[in-house]
Structures are given as C-alpha cells and as structure tokens.
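Spelled out from the first residue to the last, the chains are:
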Protein chains: 2
Amino acid sequence: MSELRLNQVTREWVIIASERAKRPIDFMNSRSERPQSPPFLSSCPFCPGNEHRTPAERFRIPADGGWKIRVVSNKYPALTDGEKKRAAEGFRRSVTGVGIHEVIIESSIHNMSISSMEQADVAEIVRTYKRRFLQAHKDPRVEHVIIFKNHGEGAGTTLDHPHTQLIGTPVVPVQFRERVQSAMHYFDDTGECLLCAILRKEIEEGVRVLNDTEHFLTFIPYAALSPFHTWIFPKRHSAVFSSITEDEITDLAFHLMTILSKFYRGLDDPDFNYVIKSSRPEDDGNEYCHWYLSIVPRLTKAAGFELGSGMYINTSLPEKSAEFIRSVKVE
Amino acid sequence: MSELRLNQVTREWVIIASERAKRPIDFMNSRSERPQSPPFLSSCPFCPGNEHRTPAERFRIPADGGWKIRVVSNKYPALTDGEKKRAAEGFRRSVTGVGIHEVIIESSIHNMSISSMEQADVAEIVRTYKRRFLQAHKDPRVEHVIIFKNHGEGAGTTLDHPHTQLIGTPVVPVQFRERVQSAMHYFDDTGECLLCAILRKEIEEGVRVLNDTEHFLTFIPYAALSPFHTWIFPKRHSAVFSSITEDEITDLAFHLMTILSKFYRGLDDPDFNYVIKSSRPEDDGNEYCHWYLSIVPRLTKAAGFELGSGMYINTSLPEKSAEFIRSVKVE
C-alpha cells in the first residue's frame, strides 16, 4: 500500500506510490540523448566573443580582461524597467510588468557545469548570486527575488551554456506568503523554526541525508514532491540567503557540486531546476523564516491530478532514493 | 511592457509577457508528430476483446452486450483499498494510501476523442463522471475527489485510448482549502460568490469569452496561467459538480466538444489536461464555493521560476488567444 506524507514546509500532501515504485535506474535515460557539447560554440550568445549579442552587461568577474562570470539583462525579459503602477478595479488586480530579469553566465566555457567545476569557481557563482540578490533588492519596485536554474530542455531551457536566472518581481507570490504563514503558525505553536526542527529530525534519522557538513545539510525531504527532489538547508538559522558568510559560501559550493555530480553520474545527467527560496534582506532578523535551496530533477511529468489537486504522486521512496544517491561515487 | 495579473480564484500572479508574446500559430506543433491511431489496436488494454487485461470492472454502459463506456480500477493505482490510519509524530503527518483510483474508458473505439464524438456520447461521459463522483464520495475514507483527463504524452499519459481518471484521496489538498478560503473572504467582503462575480464580468466584457450558452460559459481567464488555459463555469451557482442537471449535462457536453474541437483544429491536437474542481456532495448548499472545469493545453513548460515562486509567465495575451479560438471554425 502507498503512503501519503505531508510536506510540512509547503503543506502539500504527497502520495508516495510504492505500488508503482520504480528503482532508481528506471529514472535514467527518461529523456532523449543530450548531444555532446563543445567547449566553445560560435553560435552561442553566451560564449566569449559574442558579448555583443547579449543586452547590457551588469556585472563581470574579473572586472577587466577575460571574464569568468558575466551578468547580463535577459534578452527576452519577463519584466522590464519602467514605472510601477498598481490597478484595482472591482475584484481585478494588476501591476505593470516592471522588475528585474537577468542572466548569470556561470563560465566562459560552453560545456562547463557546476558538477565539473573547481570548488572555488562554484563559490564564485554563489558569491555572485549573493551580490545580485542584494543588488536586486535595492530596487524599490522589487518585492521578491527568485534565483533559479533551468538545466536541460525538460527543465525549460534551450541554452546549454551554463547559466542561472534572477527575477525580481513587483509583487509577492502567494506561494511564499503561504510558506511563511505555515512557518509562523509552527513557531507560534512550538516556539521554534520549522526548518530548524526538520534539520534536527533529518540529522537524527539520517536515512534521507545525502551530505552533512558544518554549515549545510543536503537531504531528500520526508515528503519529497517528486523523485530525487532534494533540499539543501543552511544549519544556521537565517531568513535571508544574502546573510550567507564566506565560510558558508565555500561549503554551499561543496554541497552543490556534490549533489549535481551525483545526479550527473547516478541519473545520467538529468534535466533539473534549482531555486533559492529566501525572504528579503529586510527580514533578516525573522525567527521563523529560514532560506533554503530546492533541487527538482525533472524525471516525471506533472499531470492532471497534480494540476487539479496540488497534490503529488511520487513513484519513488525518499529513503531508497537517498540510499542510491549516497552509493554514487564522485571524486 | 508586460503586465502582471492576479488570478482571483487561485491568488496566483501571472506575468502576461507581451514582450515575449507569441502568435497563436507559434504554439502549434510544439510536440513531435502524434502517430495516426487505428480504430482498434490489439495491444491496447482498453480495446474491446482485451477486457481481461484491466482490473475489476466497476461500471459499464450499456450494462449488457458491447459496451460504450467502461469504468475499471487503475492497474497501477496511486491509492488502494485498505484501512485508513493517520499518524502524527512531532511535526510529521502521514496517512495510509487508501482511496479510489479508477479509469473511465470513454469509448470502445481506440482513436475516438471527445472532439469527434456525437454530443449524446459526450453527455454520457459527463453523466458517468457524475455517477462515479457520487459513488466515490460514498466511501467514508474519501475526503476529496478529483476527475481529470491526461491527453497526450506531454500531459502525462502514454495510453492513446480515450479515458479519464478519478482519484478519491483520504485527505483534503491544501490547494483546495486555499481556493475555498479565498472565496470565503470574498463572500464575507461582498456578500457574493467570487465565481458568480467573475461570470458576470466576463460576460459583460466579452473579450475572453469562447462559448456562451444557457447553462455554461467557456472563457480564457483574465489571468490565464498559461497559453490557452481555459475555464468552463456553470452559470447556476453550485458548489458541487454532481448537482449538475440533465439539461446542464447536455450543455456541458456541447461546451467540451466545442472547445476540444477548436483546440484540435486551431492548435493541431495539443496535449492537454482537464480537471473538474468541486466541493463534496455534503457542501451542496455552500454559498461561496462554485465548481468549474479547467483545461490546460500543455504548450509551454513550467521551469524554475514557476516551481520556485508559484507565479507563472504566460507568453500569450488572453484576449488575443480568445480571439484566435473564436475564429477557429468547427461543425
């Protein structure tokens, strides 16, 4: 018989469908073969020499000479510069599409990826996330910032060149409000941060843990929404991603490299998304919000049931998935 | 500049990205060619003669002889029969995976579809939905019932034979609770059902309306979450799908056939999901809940931004999409 588990953070129920359960290997090769990429592709707008093909550069490392990381405006932005105007008419609510939409090009090498980079280079990417997160929040029109990566066509990108996106929206998404509300109720009930409690419980049980170091815990959630859905939690209570310290940046780089390498080897370079879920810098002292990073390999498709109910059917057992990922060896 | 619109029913913000806007024709052929299906396929478990390949039959029309509609248990059920046991340990919540998971086989003809059926046959399918919805709610373990269709691989099915699924879950999904809460607040504020207000406004404006008859309105929502996202609302206030009358069944069949035929012709047989969103039969007298049917053509992919924020980027303008669909001629 399957089991339903409540994802305590999102309050979404997940059907852990052990009747339909697949072995980890069954999730491999669920997509068509990814063609071998060259280190340089003259047609790629993110490759060196094609800098003129991207919109305004907003940041680069190093500042002079050949770059390792570039931040540019998105060529097809979902949100742009302009005047923020809210409109309310009857029950209708709208806002002009102002905000920030930028691309963080993570390497000058076309076929590089976080799973094969040096740790210092990954740390530089995380440091860039922090800088751009802070910068985006300086815009008074921006109320919420999402940093996310789409890797592979099944995850919503057609550009192979390694990159991450940042979107600063002029409104607060309801999903965020609901997560905060649920964390607030937990805090009011127990006097404790829900994510701190989850951290303690996951470390104590150990069965879903993938990587445990001084500053971070990588694990598959008890109620993972889909196969190999993975969370990276900072151990230090902190509401805001940009409060991350230099030591923590180095450690997060290690966690990211490790899990993405294991996915690459163990699941045959799956399409995936990752997202940093954080409050605003202004909320730094908040006792019940706790930022984290969520990784979703796109191994299965959400269908009518998921769309219609907001519940999930997960055809893998989180404990078995964790066991498999722990067994994948990387350097 | 793009515009953000609030979907009043789900409270999700949608970025209507007119900067990225595509023409309706750009959404066509976004999938690989669907192979031509024969009217009978000996390897299909839903084709006549293969009745022994499906689990227990729960219902059929007609009762004797060659069937037109069959309802069977799902061969790989997400939920099964058994004892309902809830567990709570610390912040953890789980429930045994009991419930109902059945398949409504809509025709004995393998390559039939709602868009090419006779209206009386579609009405019979809707009538079967109603019967199975009521039957599922008789199970005291079931707290919520979702009726949904996955059409095409991009919508989560690999079975071509026309069918719908019904899942009865032993818990109430948080998405449903949030929709109800939002409708309740609107009712408390205004003394009116939110969906009744939306109906009136959409009819008054007309620009997003696709089909307007005595009992139903088919339209593209003001804040459609994705291209050609479509709602069918019953005009009579009613919290529960199963309160649908015979006249309404006939009319809903007409709306379903019409919109699916238009999608088939206008968007080249897109993958799609549809879902009936309804309260329980016990809530029939509720003043602020209003059942409806939601159709989501799967023309774009949700990526990291959508996963991470619960906001949506819609690269089509609802008013333009509606204009296009109205222009598609069907018999």
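Here the structure is a predicted model, which is why all the values come from computation and not from measurement.

Calculation criteria
- Residues numbered from 1 in each chain as written.
- Chains lettered and ligands numbered in written order.
- Predicted model: local features only at pLDDT ≥ 70, side-chain atom pairs only at ≥ 80, totals over all residues.
- Pairing = 2+ DSSP bridges.
- Helix = DSSP H or I, 4+ residues; strand = E, 2+ residues; numbered from the N terminus.
- Axes fitted to C-alpha atoms, helices over the stretch in contact; angles between N-to-C directions.
- Contact = placed C-beta atoms within 7 Å.
- Nonpolar A, V, L, I, M, F, W, Y, C, P; charged D, E, K, R; others polar.
- Buried ≥ 20, exposed ≤ 12 C-beta atoms within 10 Å, placed from the backbone.

Enquirer: So what exactly am I meant to see when it comes to the sheet that holds strand E1 (residues 3-6) of chain B here?
Expert: By way of backbone hydrogen bonds, the strands of a sheet pair with one another, either parallel or antiparallel. Spatial strand order, E5(A)-E6(A)-E1(B)-E2(B)-E15(B): five strands in an open sheet with mixed pairing. The sheet is open, and its two borders are formed by strand E5 (86-89) of chain A together with strand E15 (312-314) of chain B, each paired with just one other strand. Going across the sheet, the axis of each strand differs from the next one's by a mean of 25 degrees, ignoring polarity. Bridge analysis of E5(A) against strand E6 (residues 92-96) of chain A gives four bridges, and the strand direction is antiparallel.

Enquirer: Help me understand the interface of chain B and chain A in this model?
Expert: How large an interface is tends to be reported as the accessible area lost when its parts come together. If you look at the interface, chain B gives 64 residues, while chain A gives 64 residues. When grouped by side-chain class, the residues that make up the side of chain B that touches chain A number 33 nonpolar, 18 polar and 13 charged. One ladder, built from three bridges, connects strand E1 (residues 3-7) of chain A with strand E6 (residues 92-96) of chain B; its direction is antiparallel. Residue pairing across strands places Leu4(A) opposite Val95(B), the latter belonging to E6(B).

Enquirer: How should I be thinking about the pairing of strand E2 (residues 13-16) of chain B in this particular structure?
Expert: Note on strand geometry: in a regular strand, side chains alternate between the two faces of the sheet. All names here are of chain B. Residues of E2 alternate between two faces, with Trp13 and Ile15 on one and Val14 and Ile16 on the opposite face, all of them buried. The pairing of E1 with E2 spans four bridges and is antiparallel. Bridge assignment links Leu6 to a residue of E2, and that residue is Trp13. Between E1 and E2, which pair antiparallel one after the other, the connecting turn spans six residues, and Arg11 there sits at a positive phi close to 65 degrees. By the bridge criterion, three bridges tie E2 to E15 in an arrangement that is parallel. Within the sheet, the bridge partner assigned to Ile15 lies in E15 and is Ile313.

Enquirer: Before we go on, may I ask you to explain the pairing of strand E9 (residues 163-169) of chain A in this structure?
Expert: Residues and elements named next belong to chain A. For E9, the buried fraction is high: six of the seven residues fall into the buried class. As defined by bridge partners, strand E7 (residues 100-105) adjoins E9 across six bridges and the pair is classed as antiparallel. In the strand pairing of E9, His101 is matched with Ile167. Relative to E9, strand E8 (residues 144-151) is paired through five bridges, and the arrangement is antiparallel. Opposite His144, over in E9, you have Thr169 as the bridge partner.

Enquirer: Any chance you could explain unusual backbone geometry here in plain terms?
Expert: Comment: phi is negative for the bulk of residues other than glycine, and the bulk of peptide bonds are trans. Geometrically, the link from Ile61(A) to Pro62(A) is a cis peptide bond, its omega value of -15 degrees lying close to zero. With respect to the helices, strands and loops of the structure, Pro62(A) is situated in the loop between strand E3 (57-61) and strand E4 (69-73). In this model, Asp268(A) sits at a positive phi of 60 degrees, which is unusual for a non-glycine residue. Judged by C-beta crowding, with 15 C-beta atoms within 10 Å, Asp268(A) ranks as partly exposed. The phi torsion at Asp269(B) lies on the positive side, around 50 degrees, for a residue other than glycine. By the element assignment, Asp269(B) lies in the loop between helix H4 (246-266) and strand E13 (272-277). Taking the C-beta count within 10 Å as the criterion, Asp269(B) has 19 such neighbours and is therefore assigned partly exposed.

Read these as layout, nothing more, since geometry by itself doesn't imply function.
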